[in-house]
Amino acid sequence: MVMGQDTRPPEGGQPDVPERVSGDEPLLAARVHRPSDLMRLLVGLLAIGLVIAVAAFAHATTSGLEEDINKGAVGAPDVFVKIAGLVSSIAVLLVPVAFAIERLIKRDGLRIADGVLAAVLAHGVTLATDLWVAQAAPGTIQDALTQPQSGGGLTDPVHNYLAPVIAYMTAVGMARRPRWRVSLWAVLLLDAFTMLVAGYTTALSIILTVLIGWTVAYGTLYAVGSPNVRPTGQTLLAGLRRVGFRPVTALRAEDVADAADSGDRGRRYIVTLEDGPPLDVTVVDREQQAHGFFYRAWRRISLRTITTRRSIVSLRQALEQEALLAYAAIAAGANAPKLIATSELGPDAVMLVYEHIGGRTLDSLDDEEITDELVRSAWRQVRALQSRRIAHRRLSGDAILVDRSGRVILTDLRGGEIAAGDLVLRMDIAQLLTTLGLRVGAERAVAAAVEVLGPDTVADCLPLLQPIALSRSTRATLRRLARERSAREREAVLAASEAAKHERALAKAEAAADKEAVPAETKAEKKADKKAEKRALDTALDEAREEDLLAQIRQQVLLIRPQAPVEPVRLERIKPRTLISMIAGAVAAYFLLSQIARTPLSTVSEADWRWVAAAVLFSALSYVAAAMSLLGFVPERVGFGRTVVAQVAGSFVKIVAPAAVGGVALNTRFLQRAGVRPGLAVASVGASQLFGLGAHIVLLLSFGYLTGTEKTQSFSPSRTVIAGLLTVAVLVLVVTAIPFMRKFVSTRLRSLFAGVVPRMLDVLQRPMKLATGISGMLLLTIVFVLCLDASIRAFSHGNQTISYATVAVVFLAGNALGSAAPTPGGVGAVEGALTVGLVTVGELPIEVATPAVLLFRLLTLWIPVLPGWICFNWLTKREAL
């Protein structure tokens, strides 16, 4: 089972040799961040939101519940209620203190520290919740969470001592100690019952208190980490003695990557015994089992159920599954490690003991060592498994072991499946074809598969030959190879372009040498040169283009079975972008419909149509400004009219793609078709975007400063601007301080703006071009601000007006939010930001701000869709896109 070097036991038994773990054990982290704690935190937050929603919208239900409780409490003896309240109030503090003393005596102070921290945080959250309910929450929530007191005032919405106790109890792990858990819950329930009966609280208040304590506890545990209880090598040696072995040493094998994809690979050891051959031992604990949980959970959500395994299994289920697969594989005639013992290592780990197999993985073999016979042997093992309908589910290179005699052995059967369906079995064949193709090439991998499995079986796997059906490590390898292939293609195209330029320069030099005066190059000759250069680039690209491995495998299979099905099977249930867009679209639709519902028809009919016409004019001018801002960063000659038409076509593209993404792609394609080289086209659009981002920030700060000084005699900036600057500074510091985030941002910016700086230098040498670009960007902002201002004036009828600086701040902030939103065109996010900005910053009434924003978005987003579609088709027919 363990993949490493061949290890032999010492000569003869040595009973006096001390047991030791060599290799040695890596130092385990004192604390681990459990995904299960994060899941409980998310569930707790969802439950808290649900309780608040019930309190806000189900007022009749909560009132009826309180009346029933009050009626039932009338008959309770007052003396009993007082005694129970006194006992529970004392016990609710004494039980946690007693438990803390017991833990300190047993030197488990870390858990107590975690509990105290969780209690302090829970107390802070309850105070914040009490303040929110008392001062800012709707009246229905306040009524559902509080009770009027006889002396005046209201009860606390959340109990400041119960939530910390619950958080403490959860964080210290009382759930694993039944006696303490039962005692504390009995005290808490008694205390809650006495408060309900006495009228000091409500049922929803109790529920919210418990949820806050529980949620804060798991949030604290996930943030600071839980004490690591993973078994060590010494625990392993003790467990082997309990099942009858006499271990001497345990050598830790190298960890294998891709644990998230295989579910749980476990820690591997090679154990030498006092007498007998060595053993391969795999230890699986809860921490390793949780590794990669979110990746597996997402795969289960996004892929069809038939293609995925269970993302959550208990240790006992994992142990039984691997043992069953080990026995089933050997019974099927496949070469697999022989399982000889299993055992638990305490409540949080299990071990599986296999006979030791010395050998090397397929990944570690040199290319010349992978013979055709070895490849056929690997296919024979798969044929043996599939004869009994056993799926391996992860036939990557590190799961195929080759011993000294050249025998192929399949390991890592834990993620497999018995009684597998046809689709899963075909996925195994597609995976092994890819694994072997990466090492020996598509032709040899397919030839061996056809020889062993037959052409029909191999041809049936073609619809499954797609990246999503492969293992995580295989997909990563294919992506790396694709990047290398793209880099080689770019280098070949650039070399061909330079060679073509050099040849044309030589031809012109020779012509100049033959004639004393060479006439200036005509426009037709320039156009012919551009076409010749484009043909040379296309030819170089065709010659340098390399097919990916999956395409090569398909071609090899189709040579044998031309009629084989190649249409990919749909394995994805939903794509990440589709899911995000659906959620964001649903929220946006709800927001828009609620805004439209609040806008009466009389408001629309009473609009000032002169200002509506002005808004339409400003909206149309925005496309001219957008064309100027793009052409200002393109030194080459591009037609202005077609560029304006392309910007109108962008109105159609951005409604079907996230904001700022569709426009970038369309402009890049338009410039390429206009004769600008691909790299320069990307650089020009990138330069325009980069300059636009800088101009956006400068304008936002400038208008924000003006807004802050409008109503005062001083020139001090507004608090909003200062808060914005501080927020940006903090975000920049956080990004630059965290290595992962710094690398992520720098990589994305480098890829986005590659070649921008040289392009900017080219533009700086043409002042008129630069002036055009800057003027276009300023004009674009001005016309949008004027369009929004005209929309406001159309519904305010001169009664409510705000300054242009305020309108500009609201527009720039809303536009920035729309660019970051995942919805096409920023639908929902922009409307919400503009409405809130006009109401809060501009102090407009909601009756004016809502229809004004809807009119502005109608003119700048929805109405241009039809003209944009017409322009898009017109440009496409003329091969301008």
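## Details of the overall build of the protein
Here is step 1 of the chain: Counting its regular elements, the protein contains 34 helices and 11 strands.
Here is step 2 of the chain: Within the span of the protein, comprising 881 residues, buried residues form 46% of the whole.
Here is step 3 of the chain: Here the contacts in the protein between residues at least 6 apart in sequence split such that 78% fall between residues at least 24 apart.
Here is step 4 of the chain: With an accessible surface of roughly 44,800 Å², the protein has 63% of that area assigned to carbon and sulfur atoms.

## Quick notes on a nonpolar patch on the surface
Here is step 1 of the chain: A grouping of L690, L693, I697 and L701 is seen on the molecular surface, where their side chains present a nonpolar patch of about 330 Å² in accessible area.
Here is step 2 of the chain: By the secondary structure assignment, L701 is in helix 26 (residues 678–709).

## Some thoughts on the pattern of salt bridges
Here the idea is simple: oppositely charged side chains can pair when their charged atoms come close.
Here is step 1 of the chain: Taken as a whole, this structure holds 17 salt bridges when the rule is applied.
Here is step 2 of the chain: Between D412 and R268 there is a salt bridge, with the nearest N and O atoms lying 2.5 Å from each other. Placement of D412 in the loop between strand 11 (408–410) and helix 15 (422–440) and of R268 in strand 5 (residues 267–273) is noted, with a sequence separation of 144 residues between them. Comparing D412 with R268 shows no difference in burial state: the two are buried.
Here is step 3 of the chain: In this structure, R439 and D367 form a salt bridge, with 2.7 Å as the shortest nitrogen-oxygen distance. With R439 in helix 15 and D367 in the loop between strand 9 (359–361) and helix 14 (372–387), this pair connects stretches of sequence that are 72 residues apart.

## Focus: the side chain of H356
Here is step 1 of the chain: With respect to the secondary-structure elements, H356 resides in the loop between strand 8 (349–355) and strand 9.
Here is step 2 of the chain: We classify H356 as buried; its relative accessible area is 16%.

## A closer look at the packing of helix 30 (residues 767–796) against helix 33 (residues 846–862)
Here is step 1 of the chain: Their axes nearest at 8 Å, the elements helix 30 and helix 33 cross at an angle of 135°. The angle between the axes of helix 30 and helix 33 places the two elements in the oblique class. You can see that helix 30 and helix 33 cross each other, and the crossing is right-handed. Between helix 30 and helix 33, the contacting residues are F784, C787, L788, S791, I792, A794, F795 and S796 on the first element and V848, P851, A852, L855, F856, L859 and T860 on the second.

## Considerations on the pairing of strand 8
Here is step 1 of the chain: Along strand 8, 6 of the 7 residues are buried, which leaves the element largely enclosed by surrounding structure.
Here is step 2 of the chain: Pairing geometry for strand 6 (residues 279–285) and strand 8, over 7 bridges, is antiparallel. Note that in strand 8 the partner of V281 across the bridge is V353.
Here is step 3 of the chain: Bridge count between strand 7 (residues 339–344) and strand 8: 5 bridges; the pairing is antiparallel. Residue pairing across strands places T342 opposite L352, the latter belonging to strand 8.

## Describing the nonpolar core
Here is step 1 of the chain: Judged by nonpolar contacts, the single largest core of 55 residues is most densely connected at W379, L433 and I553.
Here is step 2 of the chain: Where this core is concerned, the elements lending two or more residues are helix 13 (315–331), helix 14, strand 10 (400–403), strand 11, helix 15, helix 16 (442–453), helix 17 (455–459) and helix 20 (549–560).
Here is step 3 of the chain: Apart from the residues lying within four places of it in its own chain, the contact partners of L433 are W379, A445, V446, A449, V458, C461 and I553.
Here is step 4 of the chain: Ranked by size, the runner-up nonpolar core spans 30 residues in total, among them I802, L834, A852 and L859.

## What about the sheet that holds strand 10?
Here is step 1 of the chain: A sheet is described by the order of its strands in space; here 3 strands give the open sequence 9-10-11, paired in antiparallel fashion. Among the strands making up the open sheet, the edge pair consists of strand 9 and strand 11. Neighbour-to-neighbour, the strand axes of this sheet turn through a mean angle of 35°, independent of strand direction.
Here is step 2 of the chain: Taken together, the 3 bridges between strand 9 and strand 10 define a ladder with antiparallel strand orientation.

## So, the pairing of strand 4 (residues 247–252)
Here is step 1 of the chain: Within strand 4, 5 of the 6 residues are buried, which leaves it mostly tucked inside the rest of the structure.
Here is step 2 of the chain: As paired elements, strand 4 and strand 5 share 5 bridges and run antiparallel to each other. Within the sheet, the bridge partner assigned to P247 lies in strand 5 and is L273.

## Examining the packing of helix 15 against helix 16
Here is step 1 of the chain: Here helix 15 crosses helix 16 at 140°, and the two axes come no closer than 7 Å. Taken together, helix 15 and helix 16 sit at an angle that is classed as oblique. Where helix 15 crosses over helix 16, the two elements pack in a sense that is right-handed. On helix 16, the residues that touch I429, L433, L436, G437 and V440 of helix 15 are A442, R444, A445, V446, A449 and L453.
Here is step 2 of the chain: For the contact of helix 15 with helix 16, the per-class residue count stands at 9 nonpolar, 1 polar and 1 charged.

## A few points about unusual backbone geometry
Here is step 1 of the chain: For D412, which is not glycine, the phi torsion reads 55° and is therefore positive.
Here is step 2 of the chain: Classification of D412 as buried rests on a relative accessible area of 7%.
Here is step 3 of the chain: The phi dihedral of A419 is positive, around 50°, even though this residue is not glycine.
Here is step 4 of the chain: Position of A419 relative to the elements: it lies in the loop between strand 11 and helix 15.
Here is step 5 of the chain: Here A419 falls in the exposed class, since its relative accessible area comes to 66%.

## Thoughts on the environment of L680
Here is step 1 of the chain: Residue placement: L680 occurs in helix 26.
Here is step 2 of the chain: Given a relative accessible area of 28%, L680 falls into the partly exposed group.

## Observations regarding the packing of aromatic side chains
Geometry of an aromatic ring pair is reported as the spacing of the ring centres plus the angle between the planes.
Here is step 1 of the chain: Under the counting rule described, the total for this entry stands at 4 aromatic pairs.
Here is step 2 of the chain: With centroids separated by 5.0 Å and ring planes inclined at 75°, the aromatic side chains of W214 and Y218 adopt a geometry described as edge-to-face. With W214 and Y218 both in helix 8 (residues 203–224), this residue pair falls 4 residues apart, about one helical turn.
Here is step 3 of the chain: With a relative accessible area of 13%, Y218 lands in the buried category.

## A closer look at the confidence of the model for the protein
Here is step 1 of the chain: Considering every residue of the protein, the mean pLDDT works out to 75; 67% of them sit at 70 or more.
Here is step 2 of the chain: Between residues 255–263, whose pLDDT stays under 50, and residues either more than four places distant or in other chains, the model counts 31 contacts.
Here is step 3 of the chain: Across residues 711–718 the pLDDT falls below 50, and counting only partners more than four positions away or on other chains, this stretch makes 11 contacts in the model.

Thresholds, definitions, all that
Residues numbered from 1 in each chain as written. Predicted model: local features only at pLDDT ≥ 70, side-chain atom pairs only at ≥ 80, totals over all residues. Heavy atoms only, no water. Helix = DSSP H or I, 4+ residues; strand = E, 2+ residues; numbered from the N terminus. Buried < 20%, exposed > 50% of the residue type's maximum accessible area, 1.4 Å probe, protein only. Contact = heavy atoms within 4.5 Å. Areas by Shrake-Rupley, 256 points an atom, 1.4 Å probe, with all protein chains shown as cover. Patch = residues over 30% accessible without salt bridge, like charges linked within 9 Å, V, L, I, M, F, W, Y side chains within 5 Å. Salt bridge = Lys/Arg side-chain N within 4 Å of Asp/Glu carboxyl O. Axes fitted to C-alpha atoms, helices over the stretch in contact; angles between N-to-C directions. Parallel < 35°, antiparallel > 145°, perpendicular 65-115°, else oblique. Left-handed = near helix turned anticlockwise from the far one by under 90°. Pairing = 2+ DSSP bridges. Core = buried A, V, L, I, M, F, W, Y, C linked by side-chain atoms within 4.5 Å. Nonpolar A, V, L, I, M, F, W, Y, C, P; charged D, E, K, R; others polar. Phe/Tyr/Trp six-rings, centres within 6.5 Å; stacked < 30°, edge-to-face > 60°. pLDDT = per-residue confidence, 0-100.

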